[in-house]
Amino acid sequence: MSKYHVNKKGYYGPFGGAYIPEMLYPNVEELQQKYMDIMQEESFLQEFQELLKDYVGRPSPLYLAKRLSARYGANIFLKREDLNHTGAHKINNTIGQILLAERLGKKRIIAETGAGQHGVATATVCALKGLECVVYMGEIDIQRQAPNVARMKMMGATVVAAQSGSKTLKDATNEALRDWINNPIDTHYIIGSVVGPHPYPDLVARFQSIISEETKKQLTEKTGNSSPDYVLACVGGGSNAAGMFYHFLEDEEVQLIAVEAAGHGVKSGESAATTALGKEGVLHGSRSILMQTEDGQVVEPYSISAGLDYPGIGPQHAWLYKSGRGKYVSITDDEAMQAGLLLTKLEGIIPAIESSHALAYLEKMTFHGNENVVICLSGRGDKDLDNYMKYFGF
Amino acid sequence: MHTQDIFKSDESNGLLSIYYTAGYPNLDSTIAIAKKLESAGADFLEIGFPYSDPIADGPVIQHSSEVALRNGMTLQRLFQQLQDLRSHVSIPVFLMGYFNTVLQYGVENFCKSCQAVGVNGAIIPDLPIYEYEELYQDTFKKYGINNIFLVTPQTSEERIRKIDNLSHSFIYLLSSNATTGKNLEVGVQAEQYFRRLKNMDLKNPLVIGFGISDRETFRKATTYAKGAIIGSAFVRLLSDDDYMNKIESFIKGIKTQ
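Procedures and definitions
- Residues numbered from 1 in each chain as written.
- Chains lettered and ligands numbered in written order.
- Predicted model: local features only at pLDDT ≥ 70, side-chain atom pairs only at ≥ 80, totals over all residues.
- UniProt positions renumbered as here; feature names shortened; annotations may be inferred.
- Helix = DSSP H or I, 4+ residues; strand = E, 2+ residues; numbered from the N terminus.
- Rg over C-alpha atoms; globule rule 2.2 N^0.38 Å.
- Buried ≥ 20, exposed ≤ 12 C-beta atoms within 10 Å, placed from the backbone.
- Contact = placed C-beta atoms within 7 Å.
- Pairing = 2+ DSSP bridges.
- Axes fitted to C-alpha atoms, helices over the stretch in contact; angles between N-to-C directions.
- Parallel < 35°, antiparallel > 145°, perpendicular 65-115°, else oblique.
- Nonpolar A, V, L, I, M, F, W, Y, C, P; charged D, E, K, R; others polar.
- Expected span 1.5 Å × (residues − 1).
- Arc of directions from axis to C-beta.
- Domains from an automatic or database assignment.
- Left-handed = near helix turned anticlockwise from the far one by under 90°.

Per an unreviewed UniProt entry, chain B carries the name Tryptophan synthase alpha chain and comes from Sphingobacterium haloxyli. The annotation that UniProt attaches to chain B under Function (unreviewed entry) is "The alpha subunit is responsible for the aldol cleavage of indoleglycerol phosphate to indole and glyceraldehyde 3-phosphate."

An unreviewed UniProt entry lists chain A under the name Tryptophan synthase beta chain, from Sphingobacterium haloxyli. Among the UniProt annotations of chain A, the heading Pathway (unreviewed entry) holds the following wording: "Amino-acid biosynthesis; L-tryptophan biosynthesis; L-tryptophan from chorismate: step 5/5." What UniProt states about chain A under its Cofactor (unreviewed entry) heading is, verbatim, "pyridoxal 5'-phosphate".

Here it is in structure tokens:
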């Protein structure tokens with residue numbers, strides 16, 4: 001494996017590992033020992049590919065956005081993860097993990113969710129497989145995201161309010177981990193991003209790597225070259241970016257740009273720009289970069305986009321940032337909202353506000369001639385209509 | 001008796017340890033509670049330093065951590081409070097908390113401060129064996145700070161042997177695979193597990209924690225182990241306005257045969 005992938009001990013450079021209490025060790029060890037073998041089984045691959053094709057609707061298109069391209073003076077391709085079943089890239093991972101859980105003999109699935117996208121994607125695959133599903137969601141998020149709570153319930157999931165701490169995503173993750181501690185034998189925890197103890201960051205990145213795998217093929221068909229000049233994706237925990245970057249990591253000619261949420265501005269005190277504001281720390285089982293106080297207490301992040309307000313980033317992202325392989329930048333709420341509206345007007349595509357952060361960075365780039373740019377359009381904006389309406393006064 | 005010797009001596013059995021969160025319910029009660037616990041008959045103490053995301057803890061200790069943080073408790077402040085620890089308290093004292101707090105304070109700094117104030121060891125549930133061995137063992141040893149490891153019903157024999165080799169004080173035996181604050185039910189399975197551990201003839205004594213809340217559970221636990229730890233049940237007592245006057249009867253109620 002290359003220097004950008006996980007090593008045998010579960011580390012990316014100094015980041016990663018499995019900083020978990022002993023109570024979680026048997027669960028995590030079982031996953032560590034089995035995930036690679038299971039993922040390479042013929043029957044697994046066949047079922048995974050079949051579901052991605054017939055259920056999720058893959059491959060997702062790579063769309064040359066002509067009017068957007070004309071505006072910025074580059075060939076801008078959108079990787080349309082927004083067209084997946086359930087409306088975002090999250091389903092790639094939950095399909096993979098539910099097949100893994102089945103093969104591990106697990107009967108009960110737990111998950112955490114912030115805005116509810118990963119919760120919906122998890123409830124979806126549990127309905128598909130007839131497995132019990134419990135989703136932890138911060139009490140505050142439950143109030144803010146009623147339609148997604150309803151979706152999960154319709155699919156038979158139990159939604160449990162996380163009432164500890166700040167009652168948002170990080171606390172929902174804590175509650176899911178506590179559930180796993182208390183149910184070590186029959187339960188599989190489907191983490192929604194490239195965070196958590198090893199092997200989760202690698203596991204989730206592998207399931208999401210279908211994004212860049214398809215992109216390379218599609219780009220070759222369209223341009224005759226599998227390598228674009230730039231690849232952009234937004235980063236909360238970082239799962240769509242991890243999948244979008246995966247097959248480009250070794251290709252050092254390709255510039256990888258990860259866009260974090262600056263909220264009201266990096267220095268405003270209301271931000272989720274982890275690499276700008278964080279330092280090395282341990283949260284939810286892995287060592288990474290983390291927004292925290294001097295005393296090591298985790299700081300609650302802010303972004304208008306509920307999918308980006310996580311106080312850390314996955315350990316692989318911390319390593320790509322530290323090693324310089326990736327460029328980590330941030331975009332404010334206002335910049336993202338304008339970019340979302342611009343795409344809607346120019347291309348007739350309403351992006352999720354998360355994805356709008358990646359789009360907004362185009363404004364800050366300077367292009368030279370015929371450069372190829374791929375942007376991961378990680379999700380659709382239906383879930384964000386309320387926010388768009390309030391912001392623009394439609 | 002020297003602080004460490006209670007774990008080695010054959011005479012001292014039925015050891016009672018009490019856990020409480022520093023900074024709860026009041027910021028400056030850390031030493032006063034410790035003194036009271038010692039005079040009431042506790043055999044050693046675990047003082048928790050609060051963390052915003054305590055994943056191994058149930059609601060009672062989570063709540064105490066939140067309040068402590070709101071009160072302004074930090075690791076730095078705790079060490080200031082513990083400066084005169086050894087002029088007030090002679091029983092062994094361990095600090096318990098999560099790794100990120102220690103990492104930000106600096107692992108070496110942490111060990112140095114523990115040594116300076118006379119803390120005997122640390123229990124850091126999310127610092128795993130591999131990371132401890134590779135990155136931090138030498139530092140802990142340099143300052144004579146004992147790192148205490150947890151063992152659960154699911155921990156393999158091979159891993160328990162490894163933990164025994166890395167330990168120099170006691171092994172923290174979890175009564176069940178659970179977060180803190182559940183009740184201990186010593187069923188057939190738990191009994192088998194405690195017996196299995198007892199029969200492994202480990203060099204470190206076993207202390208059972210998680211789920212011990214009263215005289216009955218304490219008595220059961222200490223038939224299999226050298227001692228037992230009470231956490232959530234004691235932290236619950238601290239939420240009583242008159243907690244200082246209730247500590248003694250709480251401890252006596254547990255230790256009286």
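When helices and strands are tallied, chain A shows 16 helices and 14 strands. Over its C-alpha trace chain A gives a radius of gyration of 19 Å, about what one expects of a compact globule, namely 21 Å for 394 residues. Overall, the C-alpha framework of chain A stretches about 55 × 45 × 40 Å when taken along its three principal axes. Looking at the 394 residues of chain A, the share that counts as buried comes to 60%. Considering only contacts in chain A between residues 6 or more positions apart, those separated by 24 or more positions represent 73%.

Once that is clear, we can look at the UniProt feature "active site" (unreviewed entry) in chain B. All names here are of chain B. UniProt records the feature "active site" (unreviewed entry) for E46 and D57 in the present numbering. In this fold, E46 is placed in strand β2 (residues 44–48). Look past the residues within four positions of E46 in its chain and what remains in contact with it is S17, Y19, F94, M96, I123 and I229. You can see D57 is positioned in the loop between β2 and α2 (59–70). Classification of D57 as buried rests on a count of 28 C-beta atoms within 10 Å. The contact partners of D57, leaving out residues within four places of it in the chain, are Q62, T179 and T180.

Residue and element names in this part refer to chain A. Pairing is mixed across the open sheet formed by six strands, whose spatial order is β3-β4-β14-β9-β10-β13. Bordering the open sheet on either side are β3 (62–64) and β13 (326–332), each of which pairs with just one other strand. Taken pair by pair, the neighbouring strands of this sheet meet at an average axis angle of 25°, ignoring direction. Where strand β10 (residues 255–263) meets β13, seven bridges bridge the pair, whose relative direction is parallel. Across the sheet, L256 pairs through a bridge with G326, a residue of β13.

Let us look at the packing of helix α14 (residues 333–347) of chain A against helix α15 (residues 353–360) of chain A. All names here are of chain A. Where α14 meets α15, the closest approach of the two axes is 7 Å, and the angle between their N-to-C directions is 90°. Classed by the angle they form, the pair α14 and α15 counts as roughly perpendicular. Residues E335, A336, M337, Q338, A339, G340 and L343 of α14 lie in contact with α15, whose contacting residues are I353, S356, H357, L359 and A360. Residue composition of the contact of α14 with α15, grouped by class: seven nonpolar, four polar and one charged.

This next bit is on the UniProt feature "domain: Tryptophan synthase beta chain-like PALP" (unreviewed entry) in chain A. Per the UniProt record, "domain: Tryptophan synthase beta chain-like PALP" (unreviewed entry) is annotated on residues 57–379 of chain A. Counted over residues 57–379 of chain A, helix gives 40% and strand 21%. Its end C-alpha atoms are 14 Å apart.

Taken together, the 28 residues of chain B in the interface contact 26 residues of chain A. Per-element tally for the side of chain B that touches chain A: the top contributor is helix α5 (residues 99–105) of chain B, with five residues. Residues of the side of chain B that touches chain A, tallied by class, amount to 14 nonpolar, 11 polar and three charged.

Looking now at α14 of chain A. All names here are of chain A. Over its 15 residues, α14 runs 21 Å from end to end, which matches the ideal 21 Å to within 8%, given 1.5 Å per residue. Residues of α14 that are buried include every one of D333, A336, M337, A339, G340 and L343, and no others. What you see down the axis of α14 is that its buried residues fit within an arc of 165°, all on one side. Elements that come into contact with the buried residues of α14 comprise α3 (66–72), β10, β13, α15 and α16 (385–392). Looking one or two residues past α14, G348 carries a phi angle of roughly 70°, positive in sign.

Moving on, we come to α15 of chain A. Residue and element names in this part refer to chain A. Among the eight residues of α15, eight are classified as buried, and the element is accordingly described as predominantly covered. Every buried residue of α15 is accounted for by I353, E354, S355, S356, H357, A358, L359 and A360. Where the residues of α15 are buried, they touch β9 (230–234), β10, β13, α14, β14 (372–377) and α16.

Residue and element names in this part refer to chain A. Pairing is parallel in the open sheet, where four strands are placed in the order β7-β6-β5-β8. One side of each edge strand has no neighbouring strand; the edge strands of this open sheet are β7 (158–162) and β8 (187–190). Sheet twist, expressed as the mean angle between neighbouring strand axes with direction ignored, is 25°. Of the strand pairs in this sheet, strand β5 (residues 108–113) and β8 are connected by four bridges, and their pairing is parallel.

Here we come to the domain arrangement of chain A. How big an interface is tends to be reported as the loss of accessible area on association of its parts. Residues and elements named next belong to chain A. Domain assignment breaks chain A into domain 1 (21–51 + 90–204) and domain 2 (59–88 + 209–392). Counting from both sides, the interface comprises 26 residues of domain 1 and, opposite them, 27 residues of domain 2. Residues belonging to the side of domain 1 that touches domain 2 are distributed by class as follows: 11 nonpolar, 12 polar and three charged.

Quick look at the UniProt feature "modified residue: N6-(pyridoxal phosphate)lysine" (unreviewed entry) in chain A now. Residue and element names in this part refer to chain A. Per the UniProt record, the feature "modified residue: N6-(pyridoxal phosphate)lysine" (unreviewed entry) sits at K90. In this fold, K90 is placed in helix α4 (residues 90–103). Taking the C-beta count within 10 Å as the criterion, K90 has 27 such neighbours and is therefore assigned buried. Filtering out sequence-adjacent residues up to four positions away, K90 remains in contact with Q117, H118, A121 and G192.

As a further point, take the packing of helix α1 (residues 30–40) of chain B against helix α12 (residues 243–255) of chain B. Describing two packed helices takes the angle between their axes plus the distance from one axis to the other. Residue and element names in this part refer to chain B. Remark: α1 packs on α12, axes separated minimally by 9 Å, with the N-to-C direction vectors making an angle of 35°. You can see that α1 and α12 cross each other, and the crossing is right-handed. Contact residues: K36, L37 and A40 in α1; M244, I247, E248, I251 and K252 in α12. Taken together, the residues of the contact of α1 with α12 sort by class into five nonpolar, no polar and three charged.

Another aspect to go through is unusual backbone geometry. P59 of chain A follows R58 of chain A through a cis peptide bond whose omega is 0°. Relative to the assigned elements, P59 of chain A resides in the loop between α2 (42–56) and β3. Cis rather than trans, the peptide bond between Y24 of chain B and P25 of chain B has omega equal to 0°. Of note, the phi angle at T86 of chain A is positive, near 75°, even though the residue is not glycine. Take T86 of chain A: it is sitting in the loop between β4 (75–80) and α4. Phi is positive for H284 of chain A, close to 50°, though the residue is something other than glycine. Within the element layout of this structure, H284 of chain A appears in the loop between β11 (279–283) and β12 (286–290).

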